[in-house]
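The chain contents come next:
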Amino acid sequence: MTDTIKEVDADARVLRTLDRARLRGIQTPQAFTFDALLAAHRKAAAASRDDFTDDAALAEWAGMTVSVFEGDADNVKLTNPEDFSRIEARELAALGDVRTGNGYDVHAFAEGDHVWLGGVKIAHERALSGHSDADAGLHALVDAILGALADGDIGAHFPPSDPKWKGASSDRFLRFAVERVRARGGRVVHLDLTIVCEAPKIGPHRDAMRARIAEIAGLSIDRVGVKATTSEKLGFTGRREGIAAFATATVRLPWSAP
Ligand code: MG
């Protein structure tokens, strides 16, 4: 024990200070001979004893000899909700290689009555044309994540020449990119998307997009930004010929030397 340990009464008054040189904090897992431990548990059940706080205490009660050995300070016991948030914060902080990637995508308007944008279906007088569902928002996010990983682009992983991706729902592309990060021991920690078009209006769908993107990427919604702008009637977006999307992804990976 590195802490000083005191015995107190019900009024929090110290009764005495224990000799910490003779004390040990006990962790799990603990190791036993199976047959002996099973017999001890059966003996405890028969005696209606259910007040042991670990297997070792039960083994001691049953008359077994219990020895201690050196534990691991990183083996933190998870009991209360704050224990989980503390360990999650520690694990995230250990991902010291913080990277950003950007993505850009465009799809042209075609005949149709709805568009897919940011993983949300929006009724519109036109559709977006493309090999998949033409969700320029999700595609830009995929490229942003792949950019942070320096791992090619969406076209390299899902070639438009492959009939497999015809009409594909783009959530699978985003899920794939997030999985590429996880496979390297990392986490996507923030996604930001800007959609450029005159119509449809994005504002009414902003929170639905944020929620859907957060769900696909396994993020809390406060880590997903969706913004929209027109291009003041300038250029192809201004002429309502198509929709453009820009995205930024922030990714944390285990540290490696640049
Ligand atoms: Mg695209």
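Residues numbered from 1 in each chain as written. Predicted model: local features only at pLDDT ≥ 70, side-chain atom pairs only at ≥ 80, totals over all residues. Heavy atoms only, no water.

1. Considerations on the packing of helix H6 (residues 171-183) against helix H7 (residues 206-217)
What counts, and what does not: Fitted lines through C-alpha atoms serve as axes, helices being fitted only where they are in contact, and the angles separating the N-to-C directions of these axes extend from 0 to 180 degrees. A run of H or I in DSSP counts as a helix once it spans at least four residues, and a run of E counts as a strand once it spans at least two, with each numbered from the N terminus. Angles below 35 degrees are treated as roughly parallel, those above 145 as roughly antiparallel, those between 65 and 115 as roughly perpendicular, and all remaining angles as oblique. Contacts are residue-level and defined by heavy atoms, with any inter-residue pair within 4.5 Å sufficient. Amino acids outside the nonpolar list (Ala, Val, Leu, Ile, Met, Phe, Trp, Tyr, Cys, Pro) and the charged list (Asp, Glu, Lys, Arg) are all regarded as polar, and Gly is one of them.
Relative to each other, H6 and H7 sit at 45 degrees, their axes nearing to 9 Å. It follows from the interaxial angle that H6 and H7 lie oblique. Facing Asp-171, Leu-174, Arg-175, Val-178 and Arg-182 of H6, the residues of H7 in contact are Arg-212, Ile-213, Ile-216 and Ala-217. Of the residues that constitute the contact of H6 with H7, the class distribution is five nonpolar, no polar and four charged.

2. Let's talk about helix H1 (residues 34-46)
We count it as follows: Here the expected length of a helix is defined as 1.5 Å per residue gap, with one fewer gap than residues. Accessible area is worked out with a 1.4 Å probe on protein chains only. A residue is then buried under 20% of its type maximum, exposed over 50%, and partly exposed in between. It is the directions from the helix axis to the C-beta atoms whose arc is reported.
When the terminal C-alpha atoms of H1 are compared, their 18 Å separation across 13 residues agrees well with the 18 Å that a helix rising 1.5 Å per residue should span. Every buried residue of H1 is accounted for by Leu-37, Ala-40 and Ala-44. Taken end-on, H1 shows its buried residues confined to a sector of 60 degrees, consistent with a single buried face. When the buried face of H1 is taken as reference, the exposed residues oriented beyond 90 degrees from it are Phe-34, Asp-35, Arg-42, Ala-45 and Ala-46. Close packing links the buried residues of H1 with helix H2 (55-61).

3. Examining the pattern of salt bridges
Opposite charge on two side chains permits them to pair, given that their charged atoms come into close proximity. We apply this condition: Basic side-chain nitrogens of Lys or Arg form a salt bridge, by our definition, when they fall within 4 Å of a carboxyl oxygen of Asp or Glu.
Using the criterion set out here, one finds 14 salt bridges in the structure. Between Arg-212 and Glu-215 there is a salt bridge, with its nearest N and O atoms 3.0 Å apart. With Arg-212 and Glu-215 both in helix H7 and three residues apart, the pair spans about one turn of that helix. One continuous salt-bridge network, built from bridges that share partners, spans Asp-171, Arg-175, Arg-212 and Glu-215.

4. Thoughts on the nonpolar core
The test is simple: The criterion is simple. A nonpolar core is a set of buried Ala, Val, Leu, Ile, Met, Phe, Trp, Tyr and Cys residues joined through side-chain atoms within 4.5 Å.
With 46 residues, the main nonpolar core has Leu-117, Ile-145, Leu-174, Leu-191, Leu-193 and Ile-213 as its most contacted residues. Elements with a contribution of two residues or more to this core: strand S4 (114-117), strand S5 (120-123), helix H4 (136-149), H6, strand S7 (187-196), H7, strand S8 (224-229) and strand S9 (242-253). Considering each element in turn, this core owes the most residues, ten residues, to H4.

5. Quick word on the packing of aromatic side chains
Test applied: Only the six-membered ring of Trp is used, alongside the rings of Phe and Tyr, when aromatic pairs are assigned; centres must lie within 6.5 Å, and planes under 30 degrees apart are stacked while those over 60 apart are edge-to-face, with the rest tilted.
In the structure shown here, the tally under the stated rule is six aromatic pairs. Look at Phe-52 and Trp-61: their rings are 5.6 Å apart centre to centre, the planes differ by 50 degrees, and that puts the pair in the tilted class. You can call Phe-52 partly exposed: its relative accessible area is 21%. On the basis of relative accessible area, Trp-61 is assigned to the partly exposed category, the value being 31%. Centroid distance Trp-165 to Phe-173: 5.9 Å. Interplanar angle 75 degrees. Geometry classified as edge-to-face. For the pair shown, Trp-165 and Phe-173 are each scored as buried.

6. Things to note about the pairing of strand S3 (residues 97-110)
What counts is decided by this rule: We treat two strands as partners when DSSP finds at least two bridges between them.
Where S3 meets S9, twelve bridges bridge the pair, whose relative direction is antiparallel. Across the sheet, residue Asp-105 finds its bridge partner in S9, namely Ala-245. Of the strand pairs in this sheet, S3 and strand S6 (residues 127-128) are connected by two bridges, and their pairing is antiparallel. Bridging across to S6, Phe-109 finds its partner in Leu-128.

7. A few points about the coordination of the magnesium ion
Selection rule: For Na, K and Ca the donor cutoff is 3.2 Å, while for all other metals N, O and S atoms count as donors only within 2.8 Å; water does not appear among the atoms, so some sites may look incomplete.
Each protein donor to the magnesium ion is listed here as Asp-105 (OD), His-107 (NE2) and His-139 (ND1); together their distances run 2.1 to 2.2 Å. Mapped onto the polypeptide sequence, the residues donating to the magnesium ion form the spacing pattern D-x1-H-x31-H. Judged by its relative accessible area of 16%, Asp-105 falls in the buried class. A residue is classified by how much of its surface remains accessible, and His-107, at 12% relative accessible area, is buried.

8. Here we look at the sheet that holds S7
Overall, mixed pairing links the five strands, which are arranged S6-S3-S9-S7-S8 in an open sheet. Since the sheet does not close on itself, it has two edges, and those belong to S6 and S8, each with one partner. Sheet analysis places S7 next to S8, joined by six bridges and oriented parallel. Each bridged residue has a counterpart across the sheet, and for Val-196 the counterpart in S8 is Thr-229. Each of S7 and S9 touches H6; the most contacted strand, S7, lies at about 155 degrees to it.

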